[in-house]
Amino acid sequence: MDLRDSADEAAFRQEVRDFIAQNLPDGSRVRGSRRFEDADREWSRKLGEAGYAGLTWPKEYGGAGAPYSHQGIFLEELARAEAPSHLGVIGLGMAGPTIMAWGSDEQKSRYLSKILTADEIWCQGFSEPGAGSDLAGVRTRIEDEGDHFLVNGQKVWSSFAHIADYCILVGLGLPDEPRYRNLTYVIADMHAPGVEVRPLVQITGHPEFNEIFFTDVQVPKENLLGEIGGGWQVAMTTLLHERGTLGFALAATLDVAVRKLVALASERGVSDPILRDRIACEWIELQALRYTNYRALTTLQKTGIPGPEGSISKLVWSENNQRLTKLALEILGSHAQLVNGGGGSDGYWQYQQLRSRGNTIEAGTSEILRNIVAERVLGLPRSR
Amino acid sequence: MDFSFSPEQEALRREARAFLEENPQPTMDQLAQLGWVGILKSDEFTFLDAAVLFEELGRVLYEGPFVLNEVAAQPGDDVWSIEVDGFVPHLGQVDRVLTPDMQGSTAAGQVLTTVDETLGLGRLSTNGSEPATGEWSDVRRRLLAALALESVGIGSRALELAIEYAKEREQFGRRIGAYQAISHSLVDGYVAVELARSLAYWAAFCVAEEDELADVASAAAKSQASEAAVLACEKSIQAHGGIGFTWEHPLHRYYKRALWLEGALGYGREHRARVAAYLLPS
């Protein structure tokens, strides 16, 4: 056991720090909230050129083939610098790995490299108004019309859809087949006729997500991933990657939040022992999450399979972040209502607190995650 | 970065688990034969090796003075206990007692009746003492880490009992583990214990390496792990229903030990106050 960086890891960390210092203009650091700007595309391109985009992707697909620890270090340093993430997070973390696992050689050579360079941005078309946690209940039709698929339906909660070029889309391909054997998974061109994207304004007042409407959209047959009716298995690959690579990014953003919380408390000279106890709690919880990720990562590096500990990261992070942001508001006191009213209140915590309510819903609700841990980690009988 | 025990430490864990399943209450002589006594005084081993043993002894609710004797790490062959918050665990089973003023006293005094009947908690009578070896701050840090590790052992075992039970017990025609009211509660217990495990191993590493964060890490680990052990026991008792509330079932013994651990060397808030002082120096 050695929790310090190895010589190789320390060198890589320094390299990433230098890269960020040299390439990230101060003005483009993450602010409370915003849509994605052209500056992000430029930054993403630089990340791709430097080889940081697909760190753990195999070299044959243009990745760096680096160990998972490098990915962890990269995410930690990015968060510490409050740098924007690569615009292609859906492509890098979800679409790319799914295409690697299920795609044809043509699909791999057509799509993968442009994900790394951020030349093509991806979004995800999974959730629907009537199918949130119950993905198998999607209604969007992906009908086989012989020489193409015809897509009709509505998707929701799609980040990046307003700037995306492609969408990983799950819909009903074989409506007469039983659940889990009726889905089809395709790559949809977001610029095709009949695709309409509308911003979805959240509880925060910001349109970070989108709705996507598909009306008689034609998708070429060669855009199929897996089999017609085999979309469920393909979707599971996507979701596995969504949850699998998330832990480090989450702990890194929580690290930033805890630092800001401690800075706020220090600025305000918090002496109330109850507040101090709760601040200490958040710091301890952060260390617990960080070292739980390290344990899972070590297992992953040694066995190729993430340890069961990793499955709790998102569950824990989301609840920590909700608690922490509310604590910050409590420290702000009467200023917590002001979004730009001085008193050190620039709206950051107000936005973060409201945004945090989504954390226990997005990327698997806490209820679904508890089911997964209960069944797959604890081995308890299925609840359904 | 490598957050795993070495192959030798994993082998030690397997050996310890197998031995303790057969002999959950080994004598100090048996432990000495295994080569475990004095492990922290030996150059061959580090606190991480001892950590494996502390956790495994927690799992089987070991009742003897081994852990405190190791943490005291005094020269010679006497068996030592440590005065914790004014009382001495296992007073009747040891030769000498280490007190926070770093004096060694002959183990004599009154053994008291306690909630956890296995503690053998005693009040030291005033008799001759002489200076002991080492610094209390080091002993205290080792003790906090050891208590955290023991808590992890207690918490994981209590939770395993609940998981095994929830897989078998049927009510309303279904195994109760299928009900989310049960399964989600057990997941929360699992999450607490795993987070505590990460902190306890981190603290063990910091103590072994004399890391500058060793004080904060051991305070964080002890507060979180002992509270997680209590939580896991309470969730386990609830999941067991009536049987978990009986004297006959072993759970109450895990619970009582966890309750002692939670308060030993101070409840969580006292340790968190130290963490807060580190984060927000006044």
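No experiment lies behind these values; they were computed from the predicted model shown.

Colleague: I would appreciate a short explanation of the overall build of chain A in the present structure.
Modeller: When you go through chain A residue by residue, the secondary structure sums to eleven helices and eight strands. Computed over C-alpha atoms, the radius of gyration of chain A comes to 21 Å, within 12% of the 21 Å expected from 2.2 N^0.38 for 384 residues, which places it in the range of a compact globule. Oriented by its inertia axes, the alpha-carbon framework of chain A measures out at about 70 × 50 × 45 Å. Sorting the 384 residues of chain A into buried and exposed places 43% on the buried side.

Colleague: What should I look at first to understand the overall build of chain B in this one?
Modeller: For chain B, the helix and strand inventory stands at nine helices and eight strands. Taking 2.2 N^0.38 as the reference for a compact globule, 282 residues should give roughly 19 Å; the C-alpha atoms of chain B span a radius of gyration of 19 Å, in line with that estimate. Dimensions of chain B, computed from C-alpha atoms along their principal axes, come out at roughly 65 × 40 × 40 Å. Here chain B holds 282 residues, and 52% of them are scored as buried. For chain B, the share of sequence-separated contacts (at least 6 apart) that also reach a separation of at least 24 residues comes to 67%.

Colleague: Could you clarify how one ought to interpret the sheet that holds strand β1 (residues 80-82) of chain B in this entry?
Modeller: Two pairing modes exist for strands in a sheet, parallel and antiparallel, and in both the strands are linked by backbone hydrogen bonds. All names here are of chain B. Read from one edge to the other, the open sheet built from four strands follows the order β1-β2-β3-β6, with strand pairing classed as mixed. For this open sheet the edge positions go to β1 and β6 (129-131), each flanked by a neighbour on one side alone. The sheet shows a mean angle of 30° between the axes of neighbouring strands, direction not considered. Where strand β2 (residues 96-98) meets strand β3 (residues 103-106), three bridges bridge the pair, whose relative direction is antiparallel. Within β3, the position partnered with Arg 96 by the bridge is Thr 106.

Colleague: I'm lost on the nonpolar core in this one. Help?
Modeller: General note: in soluble globular proteins, nonpolar side chains tend to be found buried as a group. Of all hydrophobic cores here, the largest spans 189 residues; its most connected members are Ala 148, Leu 186, Leu 199, Ala 200, Ala 203 and Ala 204 of chain B. If one sorts the elements of this core by residue count, helix α6 (residues 180-209) of chain B sits on top with 19 residues. Apart from residues no more than four positions distant in its own chain, Leu 199 of chain B is found in contact with Gln 287, Ala 288 and Tyr 291 of chain A together with Ala 148, Ala 220, Ala 221, Gln 224 and Ala 225 of chain B.

Colleague: Mind showing me how you'd approach the interface of chain B and chain A here?
Modeller: When the parts of a complex come together, some accessible area is lost, and that lost area is often used as the size of the interface. In this assembly, 34 residues from chain B lie in contact with 41 residues from chain A. Listed by contribution, the elements that provide at least two residues to the side of chain B that touches chain A are α5 (136-168), α6, α7 (214-240) and α9 (268-279) of chain B. Tallying contributions element by element places α6 of chain B first for the side of chain B that touches chain A, with 13 residues. Residue composition of the side of chain B that touches chain A, grouped by class: 21 nonpolar, seven polar and six charged.

Colleague: I keep staring at the environment of His 162 of chain A and nothing clicks. Help me out?
Modeller: Residues and elements named next belong to chain A. Mapped onto the secondary structure, His 162 falls in the loop between β3 (148-155) and β4 (166-172). In this structure, the C-alpha to C-alpha distance between His 162 and Arg 198, residues 36 residues apart in sequence, is 7.6 Å. In this view, His 162 contacts Val 197, Pro 199 and Asn 210; residues no more than four positions away in its chain are not counted.

Colleague: Can you walk me through the domain arrangement of chain A in this structure?
Modeller: Residues and elements named next belong to chain A. With domains assigned, chain A is organised as domain 1 (7-87), domain 2 (122-231) and domain 3 (245-377). Summarising the inter-unit geometry, the C-alpha centres of domain 1 and domain 3 are found 22 Å apart. At the junction of the two partners, domain 1 supplies twelve residues and domain 3 supplies twelve residues. Its residues assigned to classes, the side of domain 1 that touches domain 3 shows four nonpolar, five polar and three charged.

Colleague: Looking at this structure, I do not really get the pairing of β3 of chain B. What am I missing?
Modeller: The side chains of a regular strand alternate, residue by residue, between the two faces of the sheet. All names here are of chain B. Between the end of β2 and the start of β3, which pair antiparallel, lie four residues, with Met 102 showing a positive phi angle near 60°. Examined bridge by bridge, β3 and β6 share three bridges and lie antiparallel to one another. Bridge pairing links Gly 104 to Glu 130 in β6.

Colleague: Explanation requested: unusual backbone geometry in the structure shown.
Modeller: Leave glycine aside and you will find that most residues have negative phi; peptide bonds, for their part, are mostly trans. Residue and element names in this part refer to chain B. The backbone of Ala 73 sits at a positive phi, close to 50°, despite the residue not being glycine. For Ala 73, a count of 19 C-beta atoms within 10 Å corresponds to the partly exposed category. Although it is not a glycine, Phe 172 sits at a positive phi angle of roughly 55°. Of note, Phe 172 is situated in the loop between β7 (170-171) and β8 (174-175).

Colleague: I would appreciate a short explanation of helix α10 (residues 348-356) of chain A in the present structure.
Modeller: One turn of the α-helix equals 3.6 residues, which is why residues spaced by three or four share an orientation. Residues and elements named next belong to chain A. Along α10, the residues that are buried comprise Trp 349, Gln 350, Gln 352, Gln 353 and Ser 356. The arc that holds every buried residue of α10, seen down its axis, measures 165°, which confines them to one face. At its buried positions, α10 is contacted by α9 (313-332).

Colleague: Sorry, what's going on with the packing of α7 of chain B against helix α8 (residues 251-263) of chain B here?
Modeller: Each packed pair of helices is defined by two parameters, the angle between the axes and the distance between the axes. Residues and elements named next belong to chain B. Where α7 meets α8, the closest approach of the two axes is 8 Å, and the angle between their N-to-C directions is 155°. Judged by the inter-axis angle, α7 sits roughly antiparallel to α8. Considering how the two elements wind past one another, α7 and α8 form a crossing that is left-handed. Judged by residue contacts, Ser 226, Glu 227, Ala 229, Val 230, Cys 233, Ser 236, Ile 237 and His 240 of α7 engage Leu 251, Tyr 254, Tyr 255, Ala 258, Leu 259, Leu 261 and Glu 262 from α8. Tallied by class, residues from the contact of α7 with α8 come to ten nonpolar, three polar and two charged.

Colleague: Would you explain the environment of Leu 149 of chain B in this entry?
Modeller: Residues and elements named next belong to chain B. By secondary structure assignment, the location of Leu 149 is in helix α5. Residue Leu 149 is classed as buried on the basis of its C-beta count, with 30 C-beta atoms lying within 10 Å. Counting along the chain gives 76 residues from Leu 149 to Ala 225, while the straight-line C-alpha distance between them is 7.6 Å. Those residues in contact with Leu 149 that lie beyond four places of it in its chain are Ala 51, Phe 54, Glu 55, Gly 58, Ala 200 and Ala 204.

Colleague: Sorry if this is basic, but what is going on with the packing of helix α8 (residues 273-303) of chain A against α6 of chain B here?
Modeller: One way to put it is that α8 of chain A packs onto α6 of chain B with a least axis distance of 8 Å and a crossing angle of 85°. In terms of their interaxial angle, α8 of chain A and α6 of chain B are classed as roughly perpendicular. Mapping the contact onto sequence places Gln 287, Ala 288, Tyr 291, Thr 292 and Arg 295 of chain A in α8 of chain A and Glu 194, Leu 195, Ser 198, Leu 199 and Trp 202 of chain B in α6 of chain B. Partitioning the contact of α8 of chain A with α6 of chain B into residue classes produces five nonpolar, three polar and two charged.

Colleague: Would you explain the environment of Glu 128 of chain A in this entry?
Modeller: Residues and elements named next belong to chain A. Looking at the secondary structure, you find Glu 128 in the loop between β1 (122-125) and β2 (141-144). Through-space distance from the C-alpha of Glu 128 to that of Glu 9 is 42 Å; in sequence the pair is 119 residues apart. Those residues within four positions of Glu 128 in sequence are excluded, and the remaining contacts are Val 138, Arg 139, Thr 140, Gly 153, Gln 154, Lys 155 and Val 156.

Criteria and thresholds
Residues numbered from 1 in each chain as written. Chains lettered and ligands numbered in written order. Predicted model: local features only at pLDDT ≥ 70, side-chain atom pairs only at ≥ 80, totals over all residues. Helix = DSSP H or I, 4+ residues; strand = E, 2+ residues; numbered from the N terminus. Rg over C-alpha atoms; globule rule 2.2 N^0.38 Å. Buried ≥ 20, exposed ≤ 12 C-beta atoms within 10 Å, placed from the backbone. Contact = placed C-beta atoms within 7 Å. Pairing = 2+ DSSP bridges. Axes fitted to C-alpha atoms, helices over the stretch in contact; angles between N-to-C directions. Core = buried A, V, L, I, M, F, W, Y, C linked by C-beta atoms within 7 Å. Nonpolar A, V, L, I, M, F, W, Y, C, P; charged D, E, K, R; others polar. Domains from an automatic or database assignment. Arc of directions from axis to C-beta. Parallel < 35°, antiparallel > 145°, perpendicular 65-115°, else oblique. Left-handed = near helix turned anticlockwise from the far one by under 90°.

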